[in-house]
Amino acid sequence: MKDGATGVLALGSFSDTDYNELHRGLLVGLLNLKSLGAMRLIVDVSNNGGGYVCVAHWLHRIIVGPKSTTEPQAGLDTKARAGPLARSIVDELVKDPKLDPEGFLNYNPTRWRDSNNVPFGASTNWLQPVVNKTVNRRPDAFSPRLGQECQPDGFPYAPPTEALFDPKQVVIVSNGRCASSCSLFSISMVKHEGSKTVVLGGKQDVAQQYCGTVGGQSTNFRGIDTEIKTTKLKGHPLAPPDLLVNGGQGIAWRLAFGVTDREEPEEWQDHPADLNLPITAKLANNPVAIWEEVAAKLLS
């Protein structure tokens with residue numbers, strides 16, 4: 001920016017057609033900002049619907065460096081949905097690992113690690129013992145606590161050996177539409193590292209939430225149907241009909257545990273922004289003006 005000290009990362013998504021290139025682009029871009037003299041950072045994630053969980057971990061890790069909140073993992077523990085049909089899918093995969101030898105299915109044990117970050121073996125029924133919960137007065141079932149699946153193998157490049165920015169000199173800007181991996185990154189930066197948040201627009205007398213649905217991981221009925229058919233359970237009484245599957249309705253398949261309350265999902269907790277920034281004639285459709293306003297109010 002014109003002040004010669006504030007860099008801006010405008011990030012519309014945490015996904016891309018090239019997973020490795022997205023990691024590289026974030027790293028090279030932030031290193032370039034540093035080389036130009038940036039000492040503080042604005043991350044604009046307006047309308048960012050999320051993407052890869054490991055990219056959220058990566059961005060958190062490369063900004064703040066190696067520390068207790070980024071290694072061995074720069075994200076949050078999670079739990080997966082474990083209803084009766086899900087448990088049947090895992091039972092079939094445990095009985096016959098050849099049903100999914102490459103580990104593509106979400107319910108394949110080899111994709112996950114326990115709460116101590118130890119990978120599950122192919123014969124491990126990782127949904128057991130089931131944790132029964134009541135959500136909105138209805139019974140639901142989840143897996144035991146899961147660790148992270150991203151570090152170090154999920155990072156295609158070596159992260160920096162020191163912080164690129166002081167996280168307290170980082171501000172995350174959104175218009176409240178920041179979900180999934182975007183929320184995961186924002187929450188990790190705010191609650192672990194002390195970064196600030198801004199929401200553009202919204203009622204000025206109502207505290208605005210800087211993010212929405214928290215990754216976790218989402219999927220859809222089409223993806224679940226693939227798992228059902230691969231494990232030869234289409235005749236299961238709980239298997240959805242193809243008519244239902246064709247819509248591809250999204251579901252929250254895995255929930256991230258909270259930072260402040262570590263026993264409940266972060267999605268159920270509060271995320272008030274530090275600043276509600278009203279949309280004015282000066283700021284409307286003018287991102288540079290927004291960033292200048294944010295820098296003046298929250299960065300010094």
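Above this note sits the structure.
So, a few notes on the structure that sits alongside this text. The shown structure was predicted, so the numbers you read here are calculated from the model rather than taken from an experiment.

On the basis of which strands lie adjacent, the open sheet formed by three strands has the order 3-9-8 and antiparallel pairing. Where the open sheet ends on each side, the last strands, each with one partner, are strand 3 (78–80) and strand 8 (217–220). Adjacent strand axes in the sheet meet at a mean angle of 30° when their direction is disregarded. Pairing analysis gives four bridges linking strand 8 to strand 9 (residues 250–256), with the strands arranged antiparallel. Counted as the bridge partner of Ser-218 is Ala-252 from strand 9. Set on the sheet, helix 5 (residues 221–230) makes contact with strand 8 and strand 9; between it and strand 8 the angle comes to about 75°.

The subject of this paragraph is the packing of aromatic side chains. Within the structure shown, the criterion is met by nine aromatic pairs. Considering the side-chain rings of Phe-14 and Phe-185, the 5.9 Å spacing of their centres and the 45° angle between planes classify their relative orientation as tilted. Of this pair, Phe-14 sits in the loop between strand 1 (6–10) and helix 1 (19–35) while Phe-185 sits in helix 4 (residues 181–192), and the two are 171 residues apart along the sequence. Accessibility assignment for this pair places Phe-14 and Phe-185 in one class, buried. With a centroid separation of 5.1 Å and 70° between ring planes, the pair formed by Tyr-107 and Trp-253 is classed as edge-to-face. Taken together, the residues Tyr-107 in the loop between helix 3 (84–95) and strand 4 (131–135) and Trp-253 in strand 9 connect sequence positions 146 residues apart. For Trp-253, a relative accessible area of 1% translates into the label buried. The structure contains a cluster of three or more aromatic residues connected by ring pairs, namely Tyr-107, Trp-112, Phe-120, Trp-126 and Trp-253. The cationic tip of Lys-79 hangs over the ring face of Phe-142; the distance from NZ or CZ to the ring centre is 4.4 Å.

Another point: the pairing of strand 6 (residues 170–174). Where burial is concerned, most of strand 6 is hidden: five out of the five residues are buried. Side-chain alternation along strand 6 places Val-170, Ile-172 and Ser-174 on one buried face and Val-171 and Val-173 on a second face that is also buried.

In total, this model carries two disulfides according to the counting rule given. One disulfide in the model links Cys-54 with Cys-150; its S-S distance is 2.1 Å. Its S-S torsion of approximately -85° makes the covalent link between Cys-54 and Cys-150 left-handed. In this pair, Cys-54 is assigned in helix 2 (residues 53–64) and Cys-150 in the loop between strand 5 (138–142) and strand 6, connecting sequence segments 96 residues apart.

Take the packing of helix 2 against helix 4 next. Two elements in contact, helix 2 and helix 4, have axes separated by 8 Å at closest approach and are oriented at 30°. Between helix 2 and helix 4, the angle falls in the class roughly parallel. Where helix 2 crosses over helix 4, the two elements pack in a sense that is right-handed. Of the residues in helix 4, those in contact with Val-53, Ala-56, His-57, Leu-59, His-60, Ile-63 and Val-64 of helix 2 are Ser-181, Leu-184, Phe-185, Ser-188 and Met-189. Tallied by class, the residues present in the contact of helix 2 with helix 4 amount to eight nonpolar, four polar and no charged.

A few words now on the packing of helix 1 against helix 2. Direction vectors running N to C along helix 1 and helix 2 enclose 20°, while the axes themselves pass 11 Å from each other. Classified by the interaxial angle, the pair formed by helix 1 and helix 2 is roughly parallel. At the point where helix 1 passes helix 2, the crossing takes the right-handed sense. Contacts between helix 1 and helix 2 involve Tyr-19, Leu-22, His-23, Leu-26, Leu-27 and Leu-30 from the first element and Cys-54, Val-55, Trp-58, Leu-59, Ile-62 and Ile-63 from the second. Classifying every residue of the contact of helix 1 with helix 2 by side-chain character gives 11 nonpolar, one polar and no charged.

Further remarks concern the pattern of salt bridges. Per the stated rule, a full pass over the model turns up 18 salt bridges. For Arg-40, the salt bridge is made with Asp-3, and the minimal N-O distance between the two is 3.3 Å. Placement of Arg-40 in strand 2 (residues 40–44) and of Asp-3 in the segment before strand 1 is noted, with a sequence separation of 37 residues between them. Close ionic contact of Lys-95 with Glu-92 constitutes a salt bridge, the shortest N to O distance being 3.1 Å. One end of the pair is Lys-95 and the other is Glu-92, both in helix 3 and three residues apart, which spans about a single turn. Put simply, Asp-225, Lys-229, Lys-234 and Asp-242 are held in one network by salt bridges that share partners.

On to helix 7 (residues 287–298). Helix length check: helix 7, at 12 residues, gives a terminal C-alpha distance of 16 Å against a target of 16 Å (1.5 Å per residue), a fit within 8%. Buried residues in helix 7 make contact with strand 1, strand 2, strand 6, strand 7 (196–200) and strand 10 (275–277).

What follows is about helix 4. With 12 residues, helix 4 extends 16 Å between its outermost C-alpha atoms, agreeing within 8% with the 16 Å of an ideal straight helix rising 1.5 Å per residue. Counting buried positions along helix 4 gives 10 out of 12 residues, so the element sits mostly inside the fold. Looking at the buried residues of helix 4, the elements they touch are strand 2, helix 2, strand 6 and strand 7. Where helix 4 ends, the next residue or the one after it, Gly-194, has phi of about 85°, a positive value.

Calculation criteria
- Residues numbered from 1 in each chain as written.
- Predicted model: local features only at pLDDT ≥ 70, side-chain atom pairs only at ≥ 80, totals over all residues.
- Heavy atoms only, no water.
- Pairing = 2+ DSSP bridges.
- Helix = DSSP H or I, 4+ residues; strand = E, 2+ residues; numbered from the N terminus.
- Axes fitted to C-alpha atoms, helices over the stretch in contact; angles between N-to-C directions.
- Contact = heavy atoms within 4.5 Å.
- Phe/Tyr/Trp six-rings, centres within 6.5 Å; stacked < 30°, edge-to-face > 60°.
- Buried < 20%, exposed > 50% of the residue type's maximum accessible area, 1.4 Å probe, protein only.
- Lys NZ or Arg CZ within 6 Å of the ring centre and 35° of its normal.
- Disulfide = S-S within 2.5 Å.
- Parallel < 35°, antiparallel > 145°, perpendicular 65-115°, else oblique.
- Left-handed = near helix turned anticlockwise from the far one by under 90°.
- Nonpolar A, V, L, I, M, F, W, Y, C, P; charged D, E, K, R; others polar.
- Salt bridge = Lys/Arg side-chain N within 4 Å of Asp/Glu carboxyl O.
- Expected span 1.5 Å × (residues − 1).

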